[in-house]
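# Residue-level structural notes
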2 protein chains.
Amino acid sequence: MNADLDALIARISPLDAGSQVAARERQHILTKPRGALGRLEDISVWLAGVQGTVLPQIRLPTVIICAADHGVTAEGVSAYPSAVTPAMVQNFLAGGAAMNVIAKVVGAQVKVLDVGVATDLLPHPDLIAAKVRFGTRNMRNQTAITRDETIEAILAGANAAQTAIAQGSNLLVAGDMGIGNTTAASALTMWYAKTTLEQSVGRGTGIDNPTLDQKRLVVQESILRANLNSFRDPLTGLSELGGLEIAAMTGIMLQGAASRVAVLVDGFIAGAAALVACAIAPLAKEYLCATHVSVEPGHIAQLEFLQLEPLFNLGMRLGEGTGAALAIPMLEAAARTLSEMATFESASVPDR
Amino acid sequence: MNADLDALIARISPLDAGSQVAARERQHILTKPRGALGRLEDISVWLAGVQGTVLPQIRLPTVIICAADHGVTAEGVSAYPSAVTPAMVQNFLAGGAAMNVIAKVVGAQVKVLDVGVATDLLPHPDLIAAKVRFGTRNMRNQTAITRDETIEAILAGANAAQTAIAQGSNLLVAGDMGIGNTTAASALTMWYAKTTLEQSVGRGTGIDNPTLDQKRLVVQESILRANLNSFRDPLTGLSELGGLEIAAMTGIMLQGAASRVAVLVDGFIAGAAALVACAIAPLAKEYLCATHVSVEPGHIAQLEFLQLEPLFNLGMRLGEGTGAALAIPMLEAAARTLSEMATFESASVPDR
């Protein structure tokens, strides 16, 4: 598709089966009944496979909030104006958003990646400036982003992830900010997971019934228009429907997989990016961990399509990476119980 | 029942409705769509009611692992010998158990309360020595603990909680350690939640089918024997069936409620203590937050009886407080998003 993107995909290899076997065996000698930590044990074994070691660690969890605007907001599909996108970017940079507060609780750093906010943004130490264009085109009428723009946004996400990994991070969350992005994500879910319109379109930030009808119509028409394009490869849906932040999130997921770094999947927007990432590189799925279940109906359809099992359902629907970040302590507990618990032998505890 | 216990119960009052209303209103002006944080918002409002302030905080989360032995282990109901109870107490004090590791991840302190371990234990700074007796009597044949012993164990738990609260803690987890305690908890669940034998008895630490049959028989016979006793008040079931650690956990829950401190309910053993606490003082329920769903089948029945909605299901069945402790970051995220997020006005974010 593109030399850099092809090289990134080529670096993705399967999990390390040997480390997984060794981690499972180690779980059996720790001071607890076999299997008593449930999914924490499964997660620890998965992390062992991801990191290629029997004693995985979580270091410097990083949330990269990918921000961009959507031309389809011209169709009246959202409860909020596009001006909220740059305002929320400023809120992230000032530390006032939910994602900032949750990051402090779970010990994560937050970066903001601008790949397509529709206004100019002032420089900031936590803002990665990689604007591809000022928002996508309106997917109802035209291709949302060209293939070159799509690849540029994917690589911007991959580069941001690579920078965090180079700083020492080995746990990534792809967060999102972009008014209109549940509309694009709904269309992407239909495209990549073959869901119905009813399964795919929800109330986003909280739209009323007439707006929901309009959103369904716009998604349906966008899919019909996009299907007229003849060329087909895994990038086609993303290019036709957008958005730039979803492309960047896709890049974060691909880079995580290529670098043997775990990536936590947040809600509906992250789920759309996961669909695209796994369409481009099916092995990328092995490096993804589903976290929460969003209220957005298409999220469950995404997870079922990808056969990813979420960890909890708190009725959240905010995005930004907030739901995924809440899972970070669970991942850390999984890694550290495997690594740090005493064994029956070391603690002189009688086994059964 | 007892002057000290009566005084403790008399101090329990309803949640502060005014703070709850104010917290819900504050949620509506924070920079997110209304309700987008889902249950985190509900938890924040609950914490406001518990603490009597619109800006609740989580300070010094404390896990008190209540440890005791069970005479009913003589009936061959467990996969592990009773010697595991004191060995695991040493493991907790040495920092090698799952609960210790998870506590480090979530920023909690761990104390161990001995109310009935069947061996002498050496002093340790984190061990609260309040042994009532060397394990319960065998509930199949006789009253497990006298009423005086029951009250003594409840008050030992309440005192341990009060000490933690005096040190600045305002979030408590009642943890458990006691080989045989799922057998006692099964009987308590039948007694207090009126469940069937099938609903109440599970595999505990992982018993085989013949042992499960034996466990069901022992629980059934214990209930039948206990029912012959004529005197009935909320302490009767706990006294007849034990155990001492479950009584202490009951005391922690009552003290939390009396001190307007939130208490997280862990799995099946903590659920049994919650049933007892709410039978003794129904208002105590308002200060309880269910966390995870245990594999033990009776746990769901307990939560349904108490009408408590858990936060997640990770297939855990370890006890010690481990599942509840994993919820601490969620509680902290709930409190801090309410307190620390920017408002639409302060961040100049356009509202809908």
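All of the points below concern the structure found in this document. All of these numbers come straight from a predicted model, not from anything done at the bench.

### Re the overall build of chain A
Looking only at helices and strands, chain A features 15 helices and eight strands. By its C-alpha atoms, chain A is 70 × 45 × 40 Å across when sized along the principal axes. Of all intrachain contacts in chain A linking residues separated by at least 6 positions in sequence, the fraction that spans at least 24 positions is 75%. As presented, chain A carries roughly 11400 Å² of accessible surface, and 53% of it is formed by carbon and sulfur atoms. One finds the centroid of the 25 positive side-chain charges in chain A at a distance of 3 Å from the centroid of its 32 negative side-chain charges.

### Focus: the relation of the copies chain B and chain A
Least-squares fitting of chain B to chain A yields an RMSD of 0.0 Å, with the transformation described by 0.0 Å of translation along the axis and a rotation of 180 degrees. A rotation of that kind, with that shift, is consistent with a two-fold axis. For chain B, the smallest separation between a C-alpha atom and the rotation axis is recorded for Phe312 of chain B, amounting to 2.5 Å. A share of 100% of the interface residues of chain B reappears at the interface of chain A, consistent with the copies meeting face to face through the same patch.

### Digging into the environment of Cys289 of chain B
Residue and element names in this part refer to chain B. One can find Cys289 in strand β6 (residues 288-290). Residue class for Cys289 comes out buried when judged on its relative accessible area of 8%. For Cys289, the contacting residues outside a window of four places in its chain are Trp46, Val263, Leu264, Val265, Leu311 and Leu331.

### Focus on the environment of Val295 of chain A
Residues and elements named next belong to chain A. As for its position among the elements, Val295 is in the loop between β7 (292-294) and α13 (297-306). The class of Val295 is partly exposed, set by a relative accessible area of 46%. For the pair Val295 and Lys215, spaced 80 residues apart in sequence, the C-alpha separation works out to 17 Å. Among all residues touching Val295, those that are not within four sequence positions of it are Gly315, Met316 and Arg317.

### Observations regarding the sheet that holds strand β6 (residues 288-290) of chain A
Residues and elements named next belong to chain A. The strand order across the open sheet built from six strands is β3-β2-β1-β4-β5-β6, with neighbouring strands paired in parallel fashion. One side of each edge strand has no neighbouring strand; the edge strands of this open sheet are β3 (127-129) and β6. The average angle at which neighbouring strand axes cross in this sheet is 30 degrees, direction not considered. The pairing of strand β1 (residues 62-68) with strand β2 (residues 109-116) spans seven bridges and is classified as parallel.

### Describing the interface of chain B and chain A
The partner chain A presents 52 residues to the 52 residues of chain B that form the contact. In this assembly, chain B packs against chain A so that about 4400 Å² is buried in total across both faces, 68% of it on carbon and sulfur atoms. Summed over the three residues of chain B that lose the most area to chain A, namely Tyr80, Leu314 and Arg352 of chain B, the buried surface amounts to 14% of that side. Here chain B is connected to chain A by two salt bridges. A salt bridge links Glu340 of chain A to Lys104 of chain B; its shortest N-O distance comes to 3.3 Å. Where chain B meets chain A, there are twelve residue pairs in polar contact (both at pLDDT 80 or more). When residues of the side of chain B that touches chain A are traced back to their parent elements, those giving at least two are α3 (39-51), α4 (84-94), α5 (98-106), β8 (312-316) and α15 (328-340) of chain B. The biggest single contributor to the side of chain B that touches chain A is α15 of chain B, with seven residues.

### A look at the layout of surface pockets
All names here are of chain A. Of the volumes computed, that of the largest pocket is approximately 280 Å³. Lining of the largest pocket is provided by 15 residues; of these, Arg39, Trp46, Leu288, Cys289 and Leu308 occupy positions nearest its centre. At the level of elements, α2 (17-27), α3 (39-51) and β6 are the ones that each hand at least two residues to the lining of the largest pocket. Class assignment for the residues of the lining of the largest pocket results in seven nonpolar, two polar and six charged. The computed volume of the second largest pocket comes to approximately 220 Å³.

### Remarks on unusual backbone geometry
Geometrically, the link from Gly242 of chain A to Gly243 of chain A is a cis peptide bond, its omega value of 0 degrees lying close to zero. With respect to the element layout, Gly243 of chain A can be found in the loop between α10 (236-241) and α11 (244-258). Located in the positive-phi region is Arg260 of chain A, a residue other than glycine, with phi close to 55 degrees. Even without being glycine, Leu60 of chain B reaches a positive phi, approximately 45 degrees. Take Leu60 of chain B: it is sitting in the loop between α3 and β1 (62-68). By relative accessible area, which is 36% here, Leu60 of chain B ends up partly exposed.

### Remarks on the sheet that holds strand β4 (residues 171-177) of chain B
Residues and elements named next belong to chain B. Reading across the sheet, the six strands line up as β3-β2-β1-β4-β5-β6 and stay open at both edges, with parallel pairing between neighbours. Across the chains shown, the open sheet's two edge strands, defined by having one partner strand only, are β3 (127-129) and β6. Between one strand axis and the next, the sheet turns through 30 degrees on average, direction left out of account. Two elements, strand β5 (residues 262-265) and β6, share three bridges in a ladder whose sense is parallel. Residue Val265 lies in a different strand from β6, and its bridge partner there is Ala290. Strand contacts of helix α6 (residues 147-166): β1, β2 (109-116), β3 and β4, with the helix running at about 160 degrees to β2, the strand carrying the most contacts. Contacting β1, β2, β4, β5 and β6, helix α11 (residues 244-258) crosses the sheet at an angle of about 175 degrees to β4.

### Focus: the pattern of salt bridges
For the coordinates displayed, the defined rule picks out 30 salt bridges over all chains. With a shortest N-O distance of 2.6 Å, Arg147 of chain A and Asp233 of chain A are connected by a salt bridge. Note that Arg147 of chain A is positioned in helix α6 (residues 147-166) and Asp233 of chain A in the loop between α9 (209-227) and α10, a separation of 86 residues in sequence. Among the ionic pairs, Arg137 of chain B bridges to Glu149 of chain B, the shortest N-O distance being 2.9 Å. Here Arg137 of chain B, found in the loop between β3 and α6, pairs with Glu149 of chain B, found in helix α6; they are twelve residues apart in sequence, far enough to count as distant.

### Focus on the pairing of β1 of chain B
Looking along a regular strand, one sees the side chains alternate between the two faces of the sheet. Residues and elements named next belong to chain B. With seven of seven residues buried, β1 lies mostly within the body of the structure. Burial of the side chains of β1 extends over both faces: Thr62, Ile64, Cys66 and Ala68 are buried on one face and Val63, Ile65 and Ala67 on the other. As paired strands, β1 and β4 are joined by six bridges and run parallel to one another. Each residue of the ladder has a partner; that of Ile64, found in β4, is Ala174.

### Observations concerning the side chain of Glu320 of chain B
Inspection of the secondary structure puts Glu320 of chain B in the loop between β8 and α14 (322-326). There is no salt bridge for the buried Glu320 of chain B, and the closest opposite charge comes from Lys32 of chain A, which lies 9.8 Å off by N-O distance. A distance of 3.1 Å separates a polar atom in the side chain of Glu320 of chain B from the backbone nitrogen of Met99 of chain B. Discounting residues that sit within four places of it in the chain, Glu320 of chain B has contacts with Val63, Ile65, Met88, Phe92, Ala97, Ala98, Met99, Gly175, Asp176 and Asp266 of chain B.

Here is what the cut-offs are and how they apply
- Residues numbered from 1 in each chain as written.
- Chains lettered and ligands numbered in written order.
- Predicted model: local features only at pLDDT ≥ 70, side-chain atom pairs only at ≥ 80, totals over all residues.
- Heavy atoms only, no water.
- Helix = DSSP H or I, 4+ residues; strand = E, 2+ residues; numbered from the N terminus.
- Contact = heavy atoms within 4.5 Å.
- Areas by Shrake-Rupley, 256 points an atom, 1.4 Å probe, with all protein chains shown as cover.
- Lys, Arg positive; Asp, Glu negative; His and termini not counted.
- Charge placed at Lys NZ, Arg CZ, Asp CG, Glu CD.
- Least-squares fit on C-alpha atoms with pLDDT ≥ 70 in both.
- Buried < 20%, exposed > 50% of the residue type's maximum accessible area, 1.4 Å probe, protein only.
- Pairing = 2+ DSSP bridges.
- Axes fitted to C-alpha atoms, helices over the stretch in contact; angles between N-to-C directions.
- Buried area = accessible area lost by both parts, 1.4 Å probe.
- Salt bridge = Lys/Arg side-chain N within 4 Å of Asp/Glu carboxyl O.
- Polar contact = N/O pair within 3.5 Å; in protein donor to acceptor, adjacent residues only side chain to side chain.
- 1 Å grid on protein atoms, 1.4 Å probe; cavity = no way out; pocket = protein on both sides within 12 Å on 5 of 7 lines; lining within 4 Å.
- Points joined across faces, edges and corners; volume = space filled by probe spheres on them.
- Nonpolar A, V, L, I, M, F, W, Y, C, P; charged D, E, K, R; others polar.

Nothing here speaks to function; it is all geometry.
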